[in-house]
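Report on the structure
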Amino acid sequence: MKILKILALFISVNASVFAQDQTKIFDVSPEQPNPGEEITITYDAATTILKNAKQVSGRLYTYDNFKWQIKDINLKATTDKKWQTKVKLSDHAALITCIFTSDTLVDKGGLVTYSWMLTKSPGAYIGWGMLRNKVFENDVPNIVDETAFKNDSVAVMWVNYELQYHAESRKKIFYNALKVAQIVRGGDFSERIKKEVRFVLTTELDNQDQNNVIKALSLLDQTAHKTFVDSVQQSVLKKYPKGVLARDIEIKKMFFENDFDKKVKAYTEFEKNFPEAKFSDIVTDTESLFRDKLFKSIAYNYIVKNKDYNFALNSVKKVSYFNLLDYSWHLVSIPFNRNEDGVEKTDLAILKKYADIIITELENRENTVPKEFVQKVSPKQWQEQALNYAAREYFTYAKLQEAFKNYDLERKYLDKIKPFFGYKDASYNAVYTKMLLREGKTLDAKELLAISIRENKATPEMLASLKAIYLKEGGNESAYEAYLNSFKSESNIDEHKKKLVSELINLPIGGFEMESSRGGKVKLADQKGKIVVLDFWAMWCGPCKNAMPGMNMAVNKYKADENVKFYFIDTQEYIKDFKEKTQAFIKEKNFDFTILYDNKNPKTGKYDEVYEKYAKAFHFSGIPEKMIIDQNGNLRWMSNGYFGSPSELADEISIIIEYLKAEKK
């Protein structure tokens, strides 16, 4: 029987190797490597999705000391048309798994995976079992295909192998072992859980061990086993008064402290007692839920209560990456955007001062994977993710540099985020076009303009620039419209039209009567026979204002058409002189808009009577909200929000108007 068990183990351990040997896709040399040695990895892509790849790179995932290490690898082509690289294994490597990539294609190895076990190392068996079990998908990197996942009983088998051949692993794997065994065995598993916890408590515990004890307690019914849970927690706190559990308790206590001064004092003590460097290897559930929120509550309270920005600015090197992003958004991007939108003026020099500090640190963080991602992504993957997260902030920073005529820095950051924005953002396209024209790169600007128009991500300023270039190069004014249309994609237009038409509705809509900026009042009942476009907006609403250039393009297109009416309904205003400010804003922007002022709501006293009526009737909330009413007085189309492209918005309005016109004939 013992021989049979050993034989079964040998077959199970080497199943992936045998499968790979049959196809010669993945090979490791030497075949029985030791931790710390250099190995050669060979990948034959001939029968894989990367068979036509011109370059192959990938990632090497190593399970070492019960943690995942992730390394980016580049492979070179061999004379026999395979791909190869040499890597040095980490000192306690127990399991390695590879993923191979080329452009957007990813080969994870399918059913067998590209894995190799170093069975002499503790963790080899449990690592292999966890890697292919859904129970642990949040605890391991996402590196195997769905076909490679095995059932929970198989995971229990690998746990047993780990304990059989590496009894010293017991303390390190007990929580994961209990987690899957409880599912497989069913019934009351509490005594086994208690037994393992008692055993672990007899040993010296590092941060991960302490956290696993607390997580193991969560597997118990907290009410039925309260006495045991409490006693274990007290034991852990007594033995490790400045350990993981004590730290979690302090984080929650500070988070729920309402007295700001007490919270600040407690946090100062917390940093002394629980220095971050000591916990760089652990992320607890409590920390994930409360730590960042706690720190933000302190930083922003300093700003709100004392107008003191120094606490936030002086903490940029120690806050989490995501708090740093939050600083950039709230302290720089929001005020910059409100200034740009004409909502609220701000001092750009102060914003630049803040941004110089925050953006410098954001870029520094691209080179260090945050601890919560260390076992999830490689350094290269993190750099890509960080650019994705911070692209919006870098764009604001580029525009700030333009405002101060720091054009080299503007170009640096525009180019940095180009892979993220591409040609898919009208605002980015507009700023980049302006930069190219300023640099005298007219041909490059024309190419960008052409692509932006094809993608329908252009602004009125961009279209004006294209026209200026066209006329300067000898183009004829009368032929410009045809020239402009030559850049547009018919397939994109048809697809857009098909989508919009599918969204059409046909609902009765109640009337309104509102004061007009042109004098008198406007009644919806008087508009029968006309197509009516309504745009609900407010002076305080940035997205509403951002949408206006696109709406202005639509207004200008139908300016001579008496059967199409545009009304911009100013709603939810709360300042006394909003009518004067509204008219001043429209005049400043040179928009030829008819503004209607929403009526005072008799129920609330707010200026939102018409908006509230329609919002309730048609189940929407927020502004900007656009509605198009047909010649029969029925609501046919609605759109909430603004998605960034003036040209696309103008086309949307035009497509619906032309459809309703044709429908009436």
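To be clear, the structure that these remarks concern was listed above.
In this text the structure is predicted, and so the values were computed from the model without any measurement.

Another point: the overall build of the chain. The helix and strand inventory of the chain stands at 25 helices and 16 strands. If you line up the chain on its principal axes, its C-alpha atoms span 95 × 70 × 50 Å. As presented, the chain carries roughly 33,400 Å² of accessible surface, and 52% of it is formed by carbon and sulfur atoms. Each charge sign in the chain was given a centre, from 99 positive and 92 negative side chains, and these centres are 2 Å apart.

As a further point, take the sheet that holds strand E10 (residues 513-516). Pairing within the open sheet is mixed, and its eight strands lie in the order E9-E16-E15-E12-E13-E14-E10-E11. Strands at the two margins of the open sheet, each flanked by one partner only, are strand E9 (507-508) and strand E11 (521-523). On the sheet, helix H23 (residues 578-589) packs against E10, strand E12 (531-537), strand E13 (564-570) and strand E14 (595-597) and is oriented at approximately 170° with respect to E14.

Given 3.6 residues per turn, any residue in an α-helix points the same way as the ones three and four places further on. Compared with an ideal rise of 1.5 Å per residue, which puts 25 residues at 36 Å, helix H14 (residues 379-403) spans 34 Å between its outermost C-alpha atoms and is within 8% of the ideal. Largest kink in H14: about 55°, centred on Ala 390.

Moving on, we come to unusual backbone geometry. Each neighbour pair has its own omega, and for Ser 29 with Pro 30 the value is 0°, a cis peptide bond. Checked against the element boundaries, Pro 30 lands in the loop between strand E1 (26-29) and strand E2 (38-43). Omega for the peptide link from Ile 623 to Pro 624 comes to 5°, which places this bond in the cis form. With respect to the secondary-structure elements, Pro 624 resides in the loop between helix H24 (609-618) and strand E15 (625-629). The phi dihedral of Phe 66 is positive, around 70°, even though this residue is not glycine. Along the chain, the position of Phe 66 falls in the loop between strand E3 (56-64) and strand E4 (67-77). The class of Phe 66 is buried, set by a relative accessible area of 18%. The backbone phi angle of Asn 456 is positive, close to 60°, even though this residue is not glycine. Within the secondary structure, Asn 456 sits in the loop between helix H18 (442-454) and helix H19 (460-472).

For the rest of this paragraph, the subject is the environment of Ile 531. Mapped onto the secondary structure, Ile 531 falls in strand E12. Along the sequence, Ile 531 and Val 564 sit 33 residues apart, while their C-alpha atoms lie 4.8 Å from each other. Contacts of Ile 531, omitting those with residues within four sequence positions, involve Asn 563, Val 564, Lys 565, Ile 628, Ile 629, Gln 631, Ile 657, Leu 660 and Lys 661.

Per the counting criterion, the structure on display carries 53 salt bridges. Across the pair Lys 82 and Asp 80 runs a salt bridge whose closest N-O atoms are separated by 4.0 Å. For Lys 82, a relative accessible area of 23% translates into the label partly exposed. The class for Asp 80 is partly exposed, based on a relative accessible area of 46%. A single network of salt bridges, built from pairs that share partners, joins Arg 247, Glu 276, Glu 287, Arg 291 and Lys 371.

Taking 1.5 Å per residue as the helical rise, H19 with its 13 residues ought to reach 18 Å, and the 18 Å between its terminal C-alpha atoms agrees with that figure. Along H19, the positions that sit buried rather than exposed are Met 462, Leu 463, Leu 466, Ile 469 and Tyr 470. Angular distribution of buried residues about the axis of H19 spans 120°; they occupy a single face of the element. Away from its buried face, by an angle of more than 90 degrees, H19 presents the exposed residues Glu 461 and Lys 472. Those residues of H19 that are buried are in contact with helix H17 (426-438), H18, helix H20 (480-485) and helix H22 (542-557). Positioned one or two residues after H19, Gly 474 has a phi angle of 100°, which is positive.

Here the focus is the nonpolar core. Counting 60 residues, the largest nonpolar core has Tyr 327, Leu 331, Ile 358, Leu 362, Tyr 394, Leu 414 and Ile 417 as the members making the most contacts within it. Sorting elements by how many residues they give to this core places H14 first, with 10 residues. Setting aside chain neighbours within four positions, we find Ile 358 in contact with Leu 313, Val 316, Leu 324, Tyr 327, Ser 328, Leu 331 and Val 332. With 55 residues, the next largest nonpolar core counts Val 532, Val 533, Phe 536 and Met 539 among its residues.

Looking now at the packing of H14 against helix H15 (residues 407-416). As a packed pair, H14 and H15 sit with axes 8 Å apart at the nearest point and diverge in direction by 160°. One element, H14, and the other, H15, form an angle in the roughly antiparallel class. The chirality of how H14 crosses H15 is left-handed. Contact residues: H14 offers Leu 387, Tyr 394, Phe 395, Tyr 397, Ala 398, Gln 401 and Glu 402, while H15 offers Tyr 407, Leu 409, Glu 410, Tyr 413, Leu 414 and Lys 416. Residues of the contact of H14 with H15, tallied by class, amount to nine nonpolar, one polar and three charged.

At a closest axis distance of 12 Å, the pairing of H14 and H17 adopts a crossing angle of 35°. Judged by the twist between their axes, the crossing of H14 over H17 is left-handed. Residues Phe 395, Lys 399 and Glu 402 of H14 touch H17, and the partners they reach there are Ser 427, Tyr 428, Val 431, Lys 434 and Arg 438.

Between two cysteines, a covalent bond joining their sulfur atoms is known as a disulfide. The final tally for this structure, using the stated rule, is one disulfide. With its sulfur 2.3 Å from that of its partner, Cys 541 forms a disulfide with Cys 544. Across the disulfide from Cys 541 to Cys 544, rotation about the S-S bond amounts to roughly 80°, and the bridge is consequently right-handed.

Moving on to the side chain of Glu 196. Checked against the element boundaries, Glu 196 lands in helix H5 (residues 190-201). On the basis of relative accessible area, Glu 196 is assigned to the buried category, the value being 7%. Excluding its chain neighbours within four sequence positions, the residues that come into contact with Glu 196 are Arg 170, Phe 174 and Leu 178.

Definitions and limits used
Residues numbered from 1 in each chain as written. Predicted model: local features only at pLDDT ≥ 70, side-chain atom pairs only at ≥ 80, totals over all residues. Heavy atoms only, no water. Helix = DSSP H or I, 4+ residues; strand = E, 2+ residues; numbered from the N terminus. Areas by Shrake-Rupley, 256 points an atom, 1.4 Å probe, with all protein chains shown as cover. Lys, Arg positive; Asp, Glu negative; His and termini not counted. Charge placed at Lys NZ, Arg CZ, Asp CG, Glu CD. Pairing = 2+ DSSP bridges. Contact = heavy atoms within 4.5 Å. Axes fitted to C-alpha atoms, helices over the stretch in contact; angles between N-to-C directions. Expected span 1.5 Å × (residues − 1). Bend = angle between axes of the 7 residues up to and from the residue. Buried < 20%, exposed > 50% of the residue type's maximum accessible area, 1.4 Å probe, protein only. Salt bridge = Lys/Arg side-chain N within 4 Å of Asp/Glu carboxyl O. Arc of directions from axis to C-beta. Core = buried A, V, L, I, M, F, W, Y, C linked by side-chain atoms within 4.5 Å. Parallel < 35°, antiparallel > 145°, perpendicular 65-115°, else oblique. Left-handed = near helix turned anticlockwise from the far one by under 90°. Nonpolar A, V, L, I, M, F, W, Y, C, P; charged D, E, K, R; others polar. Disulfide = S-S within 2.5 Å.

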